[in-house]
Amino acid sequence: MNNSNYHRKGFGLKDEVQGDLRSAYESDLIAGLRSNGNTLTKNGITIKLAEAFGFCWGVDRAVSMAYETRKHFPDKQIWITNEIIHNPVVNNNLRDMSIAFIPVRNDGSKDFGGIKKGEVVILPAFGASVQEMQLLEAKECEIVDTTCPWVSRVWNRVAKYEQSDFTAIIHGKYNHEETVATSSRSRHYLIVQNLAEAEWVCNFILQGGVAAQFLEKFNQACSEGFDPISNLERVGIANQTTMLKGETELIGKLFEKTMLRKYGPDSIDEHFLSPGDTICDATQERQDAMLKLVDDPLNLILVIGGFNSSNTGHLQEIAKVKGLKSYHIDGPDCLGPGNVIRHMEEGGMHETREWLPSGNITIGITAGASTPDQVVAEVLEKIFSIR
Ligand code: SF4
């Protein structure tokens, strides 16, 4: 998109929105902790913050662009195609600024009918599908595209596969906004959520199987008309930027080995394309910091982030693999009254009583890339108030 209605870089109003962003999302307490070893002890509780947590560069940029958009178009109707990032506080703040979320019908499809010609539409950090962008362009909307450049990098990779007629094998969640946007850029794609699914597909490639069974298993996760025989002859790996980096690497190696076994080393370049490194820096830093944190002697870990935030969920997986007690919460409202915590576990909300042990304890804390420092600070204050 190159027309004058397409905005990819904000409106030069960063200084004007800085004050609002600071007061809504930053915290003096957390800034102080960051410059003092990320540790705080109070009321017999030691808090150890991960070395990297919270807002990433891409989220910071997307939220700032949304605030700039409101300033640049003070009187225009502004829409957003999805949550700008997976954090309820940030999304509610946008609603309070009269930025409307495109309604979703009962069947899960979006209703773009309310958008009028020339109105402003923000695309979130995860990006938007090709079909959505075409529809908005046809309506001559002012499009403010906050797609994170790390996500665009994956799209470029998928475009290369497309040019060479390779099928994109996308490590991600088929219904995550970013993966929906990425897959829309590919004629032939297959989405695998984890290593187990990748192994299933690789066994199919090597040993064959029943196509109908394949299509039943991946019916929501492959392109229309997918042929599990011909569309798996030439594959390239791509990923949702916030998956577990180690798992993406294993999936890439598994497909490479599979194609080597099937076609031999002389023909491997005609059947397998390597993804390069497309897990974003911020995700990697937060996962590395979590791997370090779980090596400390801790009584438990709190992972703070939106319940639909993929990168937050993956941070908790690291604690689980280590066998540490951990709770995924989305903010201070999950704590209390008293010693009670409401947390996400295996897709559902749970309530645990007496979650905060007595005596001197150490709690590890991390937060996903879409969690503002202010939310982390409020969680800390709530914990200390329980004692
Ligand atoms: S987590 Fe990574 S891909 Fe997502 S917005 Fe942040 S920097 Fe961009």
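Residues numbered from 1 in each chain as written. Predicted model: local features only at pLDDT ≥ 70, side-chain atom pairs only at ≥ 80, totals over all residues.

As for unusual backbone geometry
For the record, the criterion: Every helix listed is a DSSP run of H or I at least four residues long, and every strand listed is a run of E at least two residues long, numbered separately from the N terminus. The exposure scheme places C-beta atoms from the backbone and then counts, for each residue, the other C-beta atoms within 10 Å of its own, assigning buried at 20 or more, exposed at 12 or fewer, and partly exposed in between.
The omega angle of the peptide bond from glycine 336 to proline 337 is 0°, so this bond is cis rather than trans. Examined against the element boundaries, proline 337 turns out to sit in the loop between β13 (326-329) and β14 (340-345). Phi at aspartate 165 takes a positive value of approximately 60°, unusual for a residue other than glycine. Counting through the fold element by element, aspartate 165 comes out in the loop between α6 (149-163) and β8 (167-171). Of the residues examined, aspartate 165 has 10 C-beta atoms within 10 Å and is grouped as exposed. Despite not being glycine, glutamate 354 has its phi angle at roughly 50°, a positive value. Looking at the element boundaries, glutamate 354 is found in the loop between β15 (348-353) and β16 (361-367).

Let's talk about the nonpolar core
Inclusion rule: Nonpolar cores are identified as sets of buried Ala, Val, Leu, Ile, Met, Phe, Trp, Tyr and Cys residues joined via C-beta atoms within 7 Å. By definition, residue pairs are in contact when their C-beta atoms, positioned from the backbone, come within 7 Å.
Ranked by size, the top nonpolar core spans 67 residues in total, and within it Ala62, Ala66, Ile84, Ile122 and Phe255 carry the most contacts. Leave out the neighbours within four places in its chain, and alanine 62 touches Ile84, Ile85, Pro124, Ala125, Thr146 and Cys148.

With respect to the site of the ligand
For clarity, the cut-off: By definition, a residue lies near a molecule or strand when the C-beta atom built from its backbone is within 6 Å of it. Lys, Arg, Asp and Glu make up the charged group, whereas Ala, Val, Leu, Ile, Met, Phe, Trp, Tyr, Cys and Pro make up the nonpolar group; the residues left over, Gly among them, are polar.
As a structural note, the neighbourhood of the ligand is formed by 15 residues, with Cys56, Gly58, Cys148, Trp150 and Cys280 the closest of them. Taken together, the elements giving at least two residues each to the shell around the ligand come down to α3 (57-72), α6 and α11 (281-293). Sort the elements by how many residues they give to the shell around the ligand and α3 lands first, with three residues. Here the shell around the ligand is composed, by residue class, of ten nonpolar, five polar and no charged.

A few points about the environment of alanine 31
Looking at the element boundaries, alanine 31 is found in helix α2 (residues 28-34). Of the residues examined, alanine 31 has 12 C-beta atoms within 10 Å and is grouped as exposed. Remark: the alpha-carbon pair of alanine 31 and alanine 377, spanning 346 residues in sequence, is separated by 9.7 Å.

What about the packing of helix α8 (residues 195-207) against helix α10 (residues 245-263)?
We apply this condition: In this description, a line fitted to the C-alpha atoms serves as the axis of each element, helices being fitted only across the stretch in contact, and the angle between N-to-C directions of two axes falls anywhere from 0 to 180 degrees. An angle below 35 degrees is treated as roughly parallel, one above 145 as roughly antiparallel, one from 65 to 115 as roughly perpendicular, and anything else as oblique.
One way to put it is that α8 packs onto α10 with a least axis distance of 10 Å and a crossing angle of 5°. As far as their axial angle goes, α10 and α8 are roughly parallel. On α10, the residues that touch Leu195, Ala198, Glu199, Cys202, Ile205 and Leu206 of α8 are Glu247, Leu250, Ile251, Leu254, Phe255, Thr258, Arg261 and Lys262. Taken together, the residues of the contact of α8 with α10 sort by class into nine nonpolar, one polar and four charged.

Things to note about helix α12 (residues 310-321)
Convention followed: Here a helix's expected span is defined as the number of its residues, less one, multiplied by 1.5 Å.
In this model, α12 (twelve residues) spans 17 Å end to end at C-alpha, consistent with the 16 Å of a helix rising 1.5 Å per residue. Within α12, nine of the twelve residues are buried, which leaves the element mostly enclosed by the surrounding structure. Looking only at α12, the buried set comprises Ser310, Asn311, Thr312, Gly313, His314, Leu315, Gln316, Ile318 and Ala319. Summarising the contacts, the buried residues of α12 are in contact with α11, β12 (300-304), β13 and β16. Backbone geometry just downstream of α12 places glycine 323 in the positive-phi region, at approximately 80°.

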